[in-house]
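Next come the chains, spelled out residue by residue.
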Amino acid sequence: MVTTTSDMVWNSLPKRPADSHKGTFGSVLAVAGSASYRGAAALAVEGALRTGAGIVTLASVEPVLAAVSARLPECCLCPCEAGAAGGIAPENIPRIQRQRATVLLLGPGLGYTVQSAARAAETRMLAGTLLPGFAGSAVLDADGLNAAADLLQAGKLPHPQGDLILTPHPGEAARLLGLTVPEVQADREGSAVSLAKKYHCVAVLKGHHTLVAAPGGTVWRNETGNAGLAKGGSGDILAGLTAGLLAAGLKQGRTPEDAAVCAVWLHGAAADRCAKRRSMTAMLPGDLFEDLGWILGELGR
């Protein structure tokens with residue numbers, strides 16, 4: 001197992017050449033958000049923008065787009081009609097597929113069985129149709145992972161044409177592996193490796209000392225971060241950071257492992273700095289972006 005260091009992150013982060021333009025750093029298409037989870041989309045999209053993606057487009061329903069555009073005018077929008085429980089209706093799939101992007105980020109705030117069985121069915125349809133038809137790479141998070149776990153019962157996990165990164169917490173990992181949460185936690189390294197090999201993906205097993213596993217069996221252990229991250233929204237930011245770094249890095253020959261390892265380390269390092277300002281109790285996920293800027297500045301990016 002490899003422990004991630006600041007030097008590793010420095011060497012793996014995408015560079016910003018003087019003659020670069022927005023096309024230099026790829027693009028992210030985020031399919032995220034619903035009436036119940038508008039903030040999830042906003043945090044994920046900002047994460048992708050703050051890690052340098054050249055263009056970020058959000059495909060979502062109008063209440064989500066209104067909230068995000070007021071906060072982030074830099075984000076492009078793909079308006080979608082609402083479906084069950086205020087989520088993205090499957091009828092929008094052709095419109096979403098027309099959006100060109102290097103990386104697909106699917107899952108934050110889409111909604112699932114907590115909203116309704118109909119919402120869950122529509123999220124499964126989005127994941128099952130958009131992922132296998134996507135020409136680039138993808139990051140699958142949150143309700144996208146819940147949908148993927150259910151899709152496994154009917155066949156296999158859909159995979160984009162490019163690389164796939166999964167970002168499960170232990171509960172989601174347990175569903176994907178057919179294990180219990182205690183079993184996953186008892187062997188976190190083995191679980192991360194199993195996810196990576198079984199689904200031919202880069203697996204980010206979140207939690208204390210988040211692990212990143214590659215299909216070849218290499219595992220990186222992260223030692224940044226603290227209990228202040230134990231709040232809703234933290235995972236949405238990590239998914240966005242990962243997608244942004246993946247989009248920018250692929251244009252420069254970086255690997256999906258690079259994107260995941262750097263995103264996890266930066267996420268935790270920003271949280272450590274934020275906790276010193278706000279305390280672990282009072283800090284909010286959205287506070288991390290200020291600290292992320294300082295961390296990236298210190299790394300010369």
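Observations concerning the overall build of the protein
Okay, step 1: A tally of regular secondary structure across the protein gives twelve helices and ten strands.
Okay, step 2: The C-alpha atoms of the protein give a radius of gyration of 17 Å, which matches the 19 Å a tight globule of 301 residues would have.
Okay, step 3: Considering only C-alpha atoms, the protein reaches an extent of 45 × 45 × 40 Å along its principal axes.
Okay, step 4: Here the protein holds 301 residues, and 56% of them are scored as buried.
Okay, step 5: In the protein, the share of contacts with a sequence separation of at least 24, taken over all contacts with a separation of at least 6, comes to 68%.
Okay, step 6: Surface summary for the protein: the accessible area is close to 11,900 Å², and the carbon and sulfur share equals 53%.
Okay, step 7: When the 26 basic and 25 acidic side-chain charges of the protein are each reduced to a single mean position, those positions are 3 Å apart.

A closer look at the environment of alanine 230
Okay, step 1: Residue position: alanine 230 is located in the loop between β10 (219-221) and α10 (234-250).
Okay, step 2: Residues alanine 230 and glutamate 257, 27 residues apart in the sequence, show an inter-C-alpha distance of 24 Å.

What counts, and where the lines are drawn
- Residues numbered from 1 in each chain as written.
- Predicted model: local features only at pLDDT ≥ 70, side-chain atom pairs only at ≥ 80, totals over all residues.
- Heavy atoms only, no water.
- Helix = DSSP H or I, 4+ residues; strand = E, 2+ residues; numbered from the N terminus.
- Rg over C-alpha atoms; globule rule 2.2 N^0.38 Å.
- Buried < 20%, exposed > 50% of the residue type's maximum accessible area, 1.4 Å probe, protein only.
- Contact = heavy atoms within 4.5 Å.
- Areas by Shrake-Rupley, 256 points an atom, 1.4 Å probe, with all protein chains shown as cover.
- Lys, Arg positive; Asp, Glu negative; His and termini not counted.
- Charge placed at Lys NZ, Arg CZ, Asp CG, Glu CD.

That is the geometry; function is a separate question.
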